[in-house]
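# A structural walkthrough
For reference, the chains in residue letters:
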Amino acid sequence: PTDEWNNNGGECPIVAGSSKATLVLADGSCLALTDSIMQDTLVLDDGNQIVRQGGKVLYRGTEKEQELSYNSLKVPRGGSYVVTLGDGTVAYLNSVSELRYPVQFAGNERRVCLSGEAYFEVARDSTRPFYVEVNDLEIRVYGTEFNVNAHAKEKIQTVLVNGQIGLRVKSGEEYMLLPSQLAEYDIAENKVEIRQVNTRLYTAWQEGWFLFEDERLEDVLEQLSLWYDVDVVYQSHQARELRIFGSMKHYDSIEVILRAIEMSVKVRFKIDGKTIIVSE
């Protein structure tokens, strides 16, 4: 890019995201997690173990029954992280997301609370259903893979990759979701719409890709802002509605991605510090 395109004299302060999170233990203490951590094991007072290595954290429970004790994993802008829960369920957390969960599940159900976005690979357990609570939406899982995205304030999207899940708006009816279906819950209207989709469009982030198929530029830049920890300023309202197609790796330079978008649609970008300015 030219100096005119980049207001930082050719040096771009915007860097791609990485594996990082904060683990909040039951006693309120916090542990910083990054992808550079060598493997270590934290033994809790109740005998449960937390294993940290690179961009992952793994829970190992004990055989004895215990009272529920909760931890939270918080992922900032420009981050992602993977947690393996005590039952073997794996949750991949995207930027600006938080998962609250028991250190060891107890009783006749498994229940976690999510804000933001996560991809779940739920361990099968026919005796204990797995629940994900997202605001007023409850997702009942029967051992499957699915993605939940609650980043938008007005809607929650749930995409089923395989298996079967049921969605229930609290105190409402349950909707059953089949593979390759998207359930979109409109929070203001309090209604659920289900349709067939290409699930990879909603799950590619978990494999390190941006994948866009007829996406609004504003929605594309919202994803980029989370991963690259940048702000976006529009000098053109019409630019928000431009439609984008394409696939790009997460770890490419944001300058490469923005230049590719410029070549595909009528839009211009300028980088000023950690702000992207959008014009036509």
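Below, the structure is looked at part by part. (Residues numbered from 1 in each chain as written. Predicted model: local features only at pLDDT ≥ 70, side-chain atom pairs only at ≥ 80, totals over all residues. Heavy atoms only, no water.)

### Observations regarding the packing of aromatic side chains
The condition is simple: When two rings of Phe, Tyr or Trp (its six-membered ring) have centres within 6.5 Å they constitute a pair, described as stacked for plane angles under 30 degrees, edge-to-face for angles over 60, and tilted for the intermediate range. Strands here mean DSSP runs of E at least two residues long; helices mean DSSP runs of H or I at least four residues long; both are numbered from the N terminus. Between buried and exposed lies partly exposed: a residue is buried under 20% and exposed over 50% of the maximum accessible area for its type, with that area taken using a 1.4 Å probe on protein chains only.
Inspection of the entire model under this criterion finds 7 aromatic pairs. With a centroid separation of 6.1 Å and 65° between ring planes, the pair formed by F105 and F130 is classed as edge-to-face. Of this pair, F105 sits in the loop between β9 (97–102) and β10 (110–115) while F130 sits in strand β12 (residues 130–134), placing them 25 residues apart in sequence. The class of F105 is buried, set by a relative accessible area of 8%. Residue F130 is classed as buried on the basis of its relative accessible area, which comes to 0%. Relative to F146, the ring of F120 has its centre 5.2 Å away and its plane inclined at 15°; by these criteria the two rings are stacked.

### Details of helix α2 (residues 217–228)
What counts here: By this rule the span expected of a helix is its residue count minus one, scaled by 1.5 Å.
Between its first and last C-alpha, α2 extends 16 Å over 12 residues, near the 16 Å set by a 1.5 Å rise per residue. Regarding α2, the residues found buried are L217, V220, L221, L224, S225, L226, W227 and Y228. In the stretch just after α2, D229 is the one whose phi turns positive, near 55°.

### Considering unusual backbone geometry
The phi dihedral of V96 falls on the positive side, at around 55°, and the residue is not glycine. For V96, the position within the fold is in the loop between β8 (90–93) and β9. Look at N135: it is not a glycine, yet its phi comes out positive at around 55°. Inspection of the secondary structure assignment puts N135 in the loop between β12 and β13 (137–141). Under the relative-accessibility criterion, N135 is labelled exposed at 52%.

### Let's talk about the environment of V57
In plain terms, the rule: We call two residues in contact when some of their heavy atoms are within 4.5 Å.
Here V57 is to be found in strand β5 (residues 56–60). By relative accessible area, V57 is classed as buried at 2%. Among residues more than four places away in sequence, those in contact with V57 are L23, L33, I50, V51, R52, Y81, V82, V83 and T84.

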